[in-house]
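# Structure assessment
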Amino acid sequence: MITHRLHVKENRPVAFSEATLKKVRELIQQYPEGKQKSALLPVLHMAQEELGGYLSVDVMDYVASLLQLNPIEVFEVATFYSMFYLEPVGKYVIEVCRTAPCAICGGEEILEYLKEKLQIGVGETTPDGLFTLKTVECLGGCGYAPVLQVNTQFHEQLDQVAIDRLLDTLRKQAADPSSADLTWASQFC
Amino acid sequence: MGKPVLLEHIRIPGIRQFGVYRSHGGYRPVEKALLEMSPTEVGQEVTRSGLRGRGGAGFPTGLKWSFLNRKSDKPRYLVCNADESEPGTFKDRYLMEHLPHRLVEGLIVSSYALGVNTCYIYIRGEFKYLVRILEHAIREAKENGFLGERILGTDFSLEIHLHPGAGAYICGEETALLESLEGKRGNPRIKPPYPAYKGLYDCPTVVNNVETLAAVGPIINMGGEAYAGLGKGKSTGTKLISACGHINRPGVYEIEMGLPVEEFIFSDEYCNGIRSGRHLKAVIPGGSSVPVLPADLILRTAKNEKRLLTYESLEEGGFDSGSMLGSGGFIVYDETACMVRNTLNLTRFYRHESCGQCSPCREGTGWMEKVLWRIEHGEGRWKDIDLLVNIARHIEGNTICPFGDAAAWPVASAIRHFREEFEYHVEYPDEVRVITHGNLVRETRFTGGHPVSGIRFR
Ligand SMILES: Cc1cc2nc3c(=O)[nH]c(=O)nc-3n(C[C@H](O)[C@H](O)[C@H](O)COP(=O)(O)O)c2cc1C
Ligand code: SF4
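## Digging into the packing of aromatic side chains
Under the counting rule described, the total for this entry stands at 27 aromatic pairs over all chains. For the ring pair Tyr 253 of chain B and Phe 264 of chain B, a centre distance of 5.8 Å and an interplane angle of 85° mean the geometry is edge-to-face. Of this pair, Tyr 253 of chain B sits in strand S8 (residues 251-256) while Phe 264 of chain B sits in helix H12 (residues 261-266); the two residues are 11 residues apart in sequence, bridging distant segments of the chain. Note on accessibility: Tyr 253 of chain B and Phe 264 of chain B belong to one class, buried. Summarising the aromatic geometry, the rings of Tyr 424 of chain B and Tyr 428 of chain B are spaced 4.7 Å apart at their centres and angled 45° between planes, so their arrangement reads as tilted. Through a chain of ring-to-ring contacts, three or more aromatic side chains come together here, namely Tyr 31 of chain A together with Tyr 77, Tyr 120 and Tyr 201 of chain B. Positioned above the aromatic ring of Tyr 311 of chain B, the side-chain terminus of Arg 52 of chain B is 4.0 Å from the ring centre.

Here it is as structure tokens:
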């Protein structure tokens, strides 16, 4: 079934921090003059992380203005790539690989286990806003199956015990504001 | 078998650091190429090595480089394809994680040969943790005078930039990758024009896989001829094989081309046999896009020759009884695997990842998924099996990019070699319906009872 979502602007003010803006300017420098559109994917990654965890229309329009693009150019890209979320997500997005090499090595079981543990279905978020459960296609970790990512951090060779431990760790981490995430802005040096 | 070439130094502690890498002969190929050889000579050396693209198609690298339009006055680009998303393939990730300098070194030498001053590494977005590792390696190379302006005092300059993708398998296809690098949707372009003439920003461009480019350093070091001395026939050198599935030791192995498949699966040097003492049922030898082969045909060809890990040997028998080396993603199945369920899984993958430009691919993958879903869930009809073959045949060859073929082959080959299993699903829908999730249930139901499982065992 295809659902048509309207392109709804909420007109909330959004803006990158000064440090991220500097990163954005550096990124644009990577590409030839006039080709700043090339920076769109990395900038959308940063926007998703820094500006609310998903790409709202306001955020997309802000990115369009930064890169001097038409809003539709950003929208059509954001809807193409699976790493960009167009709906709000929890603090930790758990993405379980469901492709064949993982599926035959316990991937289907860990997905069932996660659904049961978190009491949510695929695509849903726990009521406390902590976890969103998703399935993704091959993450390139086939030899270490089953594999999942939490906010693009790999967790491999999982079983039920490892999942229990992972969820505990994430819950503790969520309560500790000093814990560091792997962010795009910090990856580009 | 043989000495590792690409992964030679992988066990050395700290080899990710420039200093350690350098002290083990790192960056010598750059010195040799830039100071002692002309760009043409470097290209000739690569041609002589017989190196073939490791991204999947196996196209001779030297030849690809020779197509680059050098007459144009536009800038030229080298793009390293690090999008690695083919199910079963995880070798580039391994190489970049452990030996980032191997790649950087290869990029410098290749750029020199191609007359390129800007190089992009297109890395899949899910490999975010690799970005820092590569950025670090690039910075170290720059600090030590191997990147930037006037490298080693020559008038050759080079910058390497990283560009992350955002989760789209199709962006591994070279023209989709270029679109994505330009900040657009990853829709493959119609070829010709080929990237060698009209690539990134309409400029002459070479796109090569990570492993291909990483091999250029060792080739310059040892000489093209010595590299060509490794391997077998037209499959020269070594290849990274990423092995996964029902084996005892999954992982990335560097093999000299020509290793028998049987040795690769059963030797304790490599996969160390099938898990839990089970039997080998099937193998997809080159990433999910290549045809699946049953145990007897993966170990020996239809002519009863030993099947070897080379481009030629794996293709032996064509579509009837052969497969392909592809990207080297080696997926092994034991008798607990259901081929219908597996084909449904892969077809869902292709339906999900189709960019949607061509109707045969967009509609055909969805249609095949629906039909396969029916069969797997005990609602199949007898004519469904031929219907699948028919749909696959109409996708193949009728699309803009090879993705269409890649989606059609797994279905066509699974039915070709495991037709009885599809028929079983149609014939015994009640039995099939009971089996809901997981291999364990399947195993107990089918032990002895499944008419198919016993057939292909060794
Ligand atoms: C659907 C599709 C996906 C592909 N994915 C990849 C990939 O993830 N990595 C890669 O190196 N090549 C991939 N390729 C092959 C590239 O199009 C291209 O042939 C390759 O990057 C060329 O490099 P090589 O000659 O060094 O192999 C893919 C091709 C297709 C049709
Ligand atoms: S074959 Fe499929 S993936 Fe390739 S261009 Fe056509 S629709 Fe897109």
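What follows continues from the structure just given.
## A short note on the environment of Asp 61 of chain A
Relative to the helices and strands, Asp 61 of chain A resides in helix H3 (residues 57-66). As a C-alpha pair, Asp 61 of chain A and Val 74 of chain A span 13 residues in sequence and 7.6 Å in three-dimensional space.

## Observations concerning the sheet that holds strand S7 (residues 238-245) of chain B
Reading across the sheet, the five strands line up as S8-S7-S11-S9-S10 (chain B) and stay open at both edges, with mixed pairing between neighbours. If you trace the sheet from one side to the other, it starts and ends with S8 and strand S10 (293-294) of chain B, each paired once. In the packing of helix H5 (residues 100-118) of chain A onto the sheet, contacts are made with S7 and strand S11 (329-334) of chain B, and the angle to S11 of chain B comes to roughly 40°. Lying on the sheet, helix H5 (residues 91-98) of chain B is in contact with S7 and S8 of chain B; it crosses S7 of chain B at an angle near 115°.

## Thoughts on helix H2 (residues 28-36) of chain B
Residue and element names in this part refer to chain B. Among all positions in H2, only Pro 29, Val 30, Ala 33 and Leu 34 are buried. Each buried residue of H2 lies within a common arc of 115° when the element is viewed along its axis, so the set occupies one face. Exposed side of H2, more than 90 degrees from the buried face: Leu 35 and Glu 36 are the residues found there. Where the residues of H2 are buried, they touch helix H3 (39-49), helix H6 (100-114) and helix H10 (216-222).

## Remarks on the domain arrangement of chain A
Accessible area lost upon the coming together of the parts is a frequently used measure of interface size. Residue and element names in this part refer to chain A. Segmentation of chain A into domains returns domain 1 (6-80) and domain 2 (92-188). A per-residue breakdown of the area domain 1 buries against domain 2 is headed by Lys 23, His 45 and Glu 49, which together make up 64% of the total. Viewed at the interface, domain 2 and domain 1 are joined by zero salt bridges. Put simply, domain 1 and domain 2 have three residue pairs in polar contact (both at pLDDT 80 or more) between them. Residue assignment for the side of domain 1 that touches domain 2 shows that the elements contributing at least two residues are helix H1 (18-29) and helix H2 (40-50). Considering each element in turn, the side of domain 1 that touches domain 2 owes the most residues, four residues, to H2. For the side of domain 1 that touches domain 2, the residue count by class is three nonpolar, one polar and two charged.

## Thoughts on the interface of chain A and chain B
Listed by partner, the interface residues are 49 residues for chain A and 62 residues for chain B. Taken together, both faces of the contact between chain A and chain B bury some 4,600 Å²; the carbon and sulfur share is 57%. The interface formed by chain A and chain B holds four salt bridges in total. A salt bridge links Glu 108 of chain A to Arg 341 of chain B; the shortest N-O distance between them is 3.3 Å. Inspection of the chain A/chain B interface yields 28 residue pairs in polar contact (both at pLDDT 80 or more). Counting only elements with at least two residues in the side of chain A that touches chain B, the list comes to H2, helix H4 (71-78), H5 and helix H7 (184-187) of chain A. Per-element tally for the side of chain A that touches chain B: the top contributor is H5 of chain A, with eight residues. Residue composition of the side of chain A that touches chain B, grouped by class: 24 nonpolar, 15 polar and 10 charged.

## Structural notes on the site of ligand 2
Of all residues adjacent to ligand 2, which total 13 residues, the nearest are Cys 355, Gln 357, Cys 358, Cys 361 and Cys 401 of chain B. More than half of the atoms belonging to ligand 2 lie within 2 Å of the grid points that define the second largest cavity.

## Structural notes on the layout of surface pockets
Over the atoms rolls a probe the size of a water molecule, and its path tells where empty space is left. By volume, the largest pocket is sized at about 1,600 Å³. Residue lining of the largest pocket: 45 residues in total, with Thr 79, Phe 80 and Ser 82 of chain A together with Arg 351 and His 352 of chain B positioned closest to the centre. Going through the elements one at a time, strand S2 (131-136) of chain A together with helix H16 (339-353) and helix H17 (359-376) of chain B are the ones with two or more residues in the lining of the largest pocket. Among the elements that take part in the lining of the largest pocket, H16 of chain B stands out by supplying four residues, more than any other. A class-by-class count of the residues in the lining of the largest pocket yields 19 nonpolar, 13 polar and 13 charged. Taken as a whole, the second largest pocket encloses approximately 1,400 Å³ of empty space. Lining of the second largest pocket is provided by 49 residues; of these, Gly 55, Gly 56, Ala 57, Gly 172 and Pro 402 of chain B occupy positions nearest its centre. Elements represented by at least two residues in the lining of the second largest pocket include exactly H5, strand S4 (205-209), helix H14 (311-315) and helix H19 (403-427) of chain B. Considered class by class, the residues forming the lining of the second largest pocket number 20 nonpolar, 16 polar and 13 charged.

## With respect to the site of ligand 1
Residue and element names in this part refer to chain B. The environment of ligand 1 is made up of 19 residues, and the closest members are Gly 55, Asn 81, Asn 208, Asn 209 and Thr 212. Contact distances for ligand 1 include 3.3 Å between an oxygen atom and a backbone N or O atom of Glu 84. Interatomic distance of 2.7 Å between a side-chain N/O atom of Thr 212 and an oxygen atom of ligand 1. Protein burial of ligand 1: of its 610 Å² of free accessible surface, 90% is covered by the chains. The cavity where ligand 1 resides is the second largest pocket. The greatest single-element share of the shell around ligand 1, amounting to three residues, is contributed by S4.

## Points about the pairing of S7 of chain B
Residues and elements named next belong to chain B. Buried residues dominate S7, accounting for eight of its eight residues. The alternating pattern of S7 places Thr 238, Leu 240, Ser 242 and Cys 244 on one face and Lys 239, Ile 241, Ala 243 and Gly 245 on the opposite face, and all of these are buried. The pairing of S7 with S8 spans six bridges and is antiparallel. Counted as the bridge partner of Leu 240 is Glu 254 from S8. Hairpin geometry of S7 and S8 is characterised by an intervening segment of five residues between the two adjacent antiparallel strands. Taken together, the four bridges between S7 and S11 define a ladder with parallel strand orientation. Along S11, the bridge assignment pairs Ala 243 with Phe 330.

Quick notes on the rules
Residues numbered from 1 in each chain as written. Chains lettered and ligands numbered in written order. Predicted model: local features only at pLDDT ≥ 70, side-chain atom pairs only at ≥ 80, totals over all residues. Heavy atoms only, no water. Phe/Tyr/Trp six-rings, centres within 6.5 Å; stacked < 30°, edge-to-face > 60°. Helix = DSSP H or I, 4+ residues; strand = E, 2+ residues; numbered from the N terminus. Buried < 20%, exposed > 50% of the residue type's maximum accessible area, 1.4 Å probe, protein only. Lys NZ or Arg CZ within 6 Å of the ring centre and 35° of its normal. Pairing = 2+ DSSP bridges. Contact = heavy atoms within 4.5 Å. Axes fitted to C-alpha atoms, helices over the stretch in contact; angles between N-to-C directions. Arc of directions from axis to C-beta. Domains from an automatic or database assignment. Buried area = accessible area lost by both parts, 1.4 Å probe. Salt bridge = Lys/Arg side-chain N within 4 Å of Asp/Glu carboxyl O. Polar contact = N/O pair within 3.5 Å; in protein donor to acceptor, adjacent residues only side chain to side chain. Nonpolar A, V, L, I, M, F, W, Y, C, P; charged D, E, K, R; others polar. Near = heavy atom within 4 Å. 1 Å grid on protein atoms, 1.4 Å probe; cavity = no way out; pocket = protein on both sides within 12 Å on 5 of 7 lines; lining within 4 Å. Sits in = over half its atoms within 2 Å of the grid points. Points joined across faces, edges and corners; volume = space filled by probe spheres on them. Areas by Shrake-Rupley, 256 points an atom, 1.4 Å probe, with all protein chains shown as cover.

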